[in-house]
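As a plain string of letters, each chain reads:
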Amino acid sequence: RLAIEWHVDLKRTLLVKMFQAPLLQLLREDIFRKQIRTVCQEVACPHAFGCPEREVGGFLVGVKSECTDGSLRFPEVVSAIRASGAVEGPSRLTFTHETWEVAHSEIEVHRERDGRPFEIVGWYHSHPYQGIFLSGMDLFIHRNFFSDPQQFAVVVDPLSRAFGAFIWKDGEVVSLFEQSIGC
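Everything numeric in this text was worked out from a predicted model, so none of it was measured.

(A) Layout of the pattern of salt bridges. Enumeration according to the criterion identifies 9 salt bridges in this entry. We note a salt bridge from R33 to E29, for which the minimum N-O separation is 2.8 Å. In this pair, R33 and E29 are both assigned in helix α1 (residues 2-49), 4 residues apart and thus about one turn of the helix distant. A salt bridge links K64 to D148; the nearest nitrogen and oxygen atoms lie 3.0 Å apart.

Right under this line is the structure:
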């Protein structure tokens, strides 16, 4: 009887572990998607919709996840900072040295005020009238300046009033989702 009870307990434990990790992963991803939507509605979309004639962008700020179970890790996304001093054009956006300095200074203020380890967890930019995708230059920027597996990109198209998020998965940058929005 003891062997049967042990077998049932082991089977139950294995089943819980087998389903727990995928469910936790789905929950983390759902929370991440909601945080992205909130930041896009509050900052990225109004910024892009207010300047439909040129590319604009900024940094996504949050706290990296300490998930150690080997699954995809998603940061906590708390805000966005407009790229001050960036060079903006109809189909080009350049973050200057000043842009990075201002962003890091603003993040430091948030760290000191809130006592949390905020950092840049991604970036956003617009593609006026071009659609939701990462261009070859965007991929270069993402791979070289946002290469941490928890860093992501958001693209906003002011004409279609949509945005999309791109994440790292298995060493590649892939689309997470695309959504129309009425902001």
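(B) Spatial organisation of the sheet that holds strand β7 (residues 162-169). Pairing in this open sheet of 6 strands is mixed, and the strands run β2-β1-β5-β6-β7-β8 from one edge to the other. Only two strands of the sheet have a single partner each, and these edge strands are β2 (76-82) and β8 (172-180). Neighbour to neighbour, the strand axes of the sheet diverge by 25° on average, direction disregarded. Two strands pair when backbone bridges link them, and β7 and β8 are joined in this way by 8 bridges, in the antiparallel orientation. Residue A165 lies in a different strand from β8, and its bridge partner there is F177.

(C) Inspection of the layout of surface pockets at higher detail. As a volume, the largest pocket reaches approximately 340 Å³. Elements represented by at least two residues in the lining of the largest pocket include exactly β4 (92-94), β5 (119-126) and α3 (136-145). No other element matches α3, which puts 4 residues into the lining of the largest pocket. Along the lines of polarity and charge, the residues of the lining of the largest pocket split into 8 nonpolar, 6 polar and 3 charged.

(D) Representation of the confidence of the model for the protein chain within the structure. Mean pLDDT over the protein chain works out to 85, with 83% of the residues at or above the 70 mark. α1 is the least confidently modelled element of the protein chain, averaging 72 in pLDDT, while β5 averages 95, the highest of any element.

(E) Highlighting the nonpolar core. With 26 residues, the main nonpolar core has F32, I36, L60, F152, V154, V156 and F163 as its most contacted residues. When contributions to this core are tallied by element, the ones reaching two or more residues are α1, β2, β5, β6 (152-157), β7 and β8. Considering each element in turn, this core owes the most residues, 9 residues, to α1. Dropping the residues within four chain positions of it, F152 is found in contact with F32, I36, L60, P75, V77, V121, G122, W123, H142, F166 and I167. In terms of nonpolar packing, the next biggest core, distinct from the first, is built from 23 residues, V63, I81, W123 and V155 among them.

(F) Here's a closer look at unusual backbone geometry. Non-glycine residue Y129 carries a positive phi angle of around 65°. Locating Y129 in the fold gives a position in the loop between β5 and α3. Among the residues examined, Y129 registers a relative accessible area of 47% and is labelled partly exposed.

(G) Main features of a nonpolar patch on the surface. A surface patch of nonpolar side chains, amounting to about 250 Å² of accessible area, comprises L24, L27 and I31. Structurally, the position occupied by I31 is in helix α1.

(H) Representation of the packing of aromatic side chains in the model. Evaluation of the coordinates by the stated rule reveals 10 aromatic pairs. Ring geometry for F95 versus W100: centroids 6.1 Å apart, planes at 80°, classification edge-to-face. Accessibility expressed as a relative area gives 15% for F95, which makes it buried. One aromatic cluster is present, built from ring pairs that chain together F59, F95, W100, W123, F145 and F146. Sitting over the face of the ring of F177, R37 holds its NZ or CZ atom 4.9 Å from the ring centroid.

What counts, and where the lines are drawn
- In this convention, every chain numbers its residues from 1, walking through the sequence in written order.
- Restriction of local features to residues with pLDDT of at least 70 applies here, the model being predicted, together with a cutoff of 80 or more for giving and counting side-chain atom pairs; totals for whole chains, interfaces and linings are based on all residues.
- Derived side-chain values reflect all non-hydrogen atoms in the structure, with water molecules and hydrogen atoms excluded from consideration.
- A pairing counts as a salt bridge when a side-chain nitrogen of Lys or Arg comes within 4 Å of a carboxyl oxygen of Asp or Glu.
- Under the DSSP-based scheme used, a helix requires at least four consecutive residues in state H or I and a strand at least two consecutive residues in state E, with every element numbered from the N terminus.
- Two strands qualify as a pair provided DSSP detects at least 2 bridges between them.
- Axis lines are fitted to C-alpha atoms, over the contacting stretch for helices. Their N-to-C directions set the angle, which ranges from 0 to 180 degrees.
- The rule is simple: put a 1 Å grid over the protein atoms alone, call a set of points where a 1.4 Å probe fits but cannot get out a cavity, call an open set with protein on both sides within 12 Å along at least five of seven lines a pocket, and count a residue as lining if it has an atom within 4 Å of a point.
- Grid points are joined across faces, edges and corners, and a volume is the space filled by probe spheres set on the points.
- In this classification, the charged set is Asp, Glu, Lys and Arg, the nonpolar set is Ala, Val, Leu, Ile, Met, Phe, Trp, Tyr, Cys and Pro, and all remaining amino acids, among them Gly, are polar.
- Residue-level confidence of the predictor is summarised by pLDDT, bounded by 0 at the bottom and 100 at the top.
- Put simply, buried Ala, Val, Leu, Ile, Met, Phe, Trp, Tyr and Cys residues joined by side-chain atoms within 4.5 Å make one nonpolar core.
- Whether a residue is buried, partly exposed or exposed follows from its accessible area with a 1.4 Å probe, protein chains only, as a fraction of its type maximum: under 20%, in between, or over 50%, in that order.
- Note on contacts: a residue pair qualifies if any of its non-hydrogen atoms lie within 4.5 Å across the two residues.
- Patch definition: residues above 30% relative accessible area lacking any salt bridge, with like charges linked at up to 9 Å and the nonpolar side chains Val, Leu, Ile, Met, Phe, Trp and Tyr linked at up to 5 Å.
- The accessible surface values rely on the Shrake-Rupley method and a 1.4 Å probe; as for residues, cover is taken only from the protein chains in view.
- Here the aromatic set is Phe, Tyr and Trp, taking the six-membered ring for Trp, and pairing holds for ring centres within 6.5 Å; pairs whose planes are under 30 degrees apart are stacked, those over 60 apart are edge-to-face, and all others are tilted.
- We call a charge positioned above a ring when the Lys NZ or Arg CZ atom is no farther than 6 Å from the ring centre and deviates by at most 35 degrees from the ring normal.

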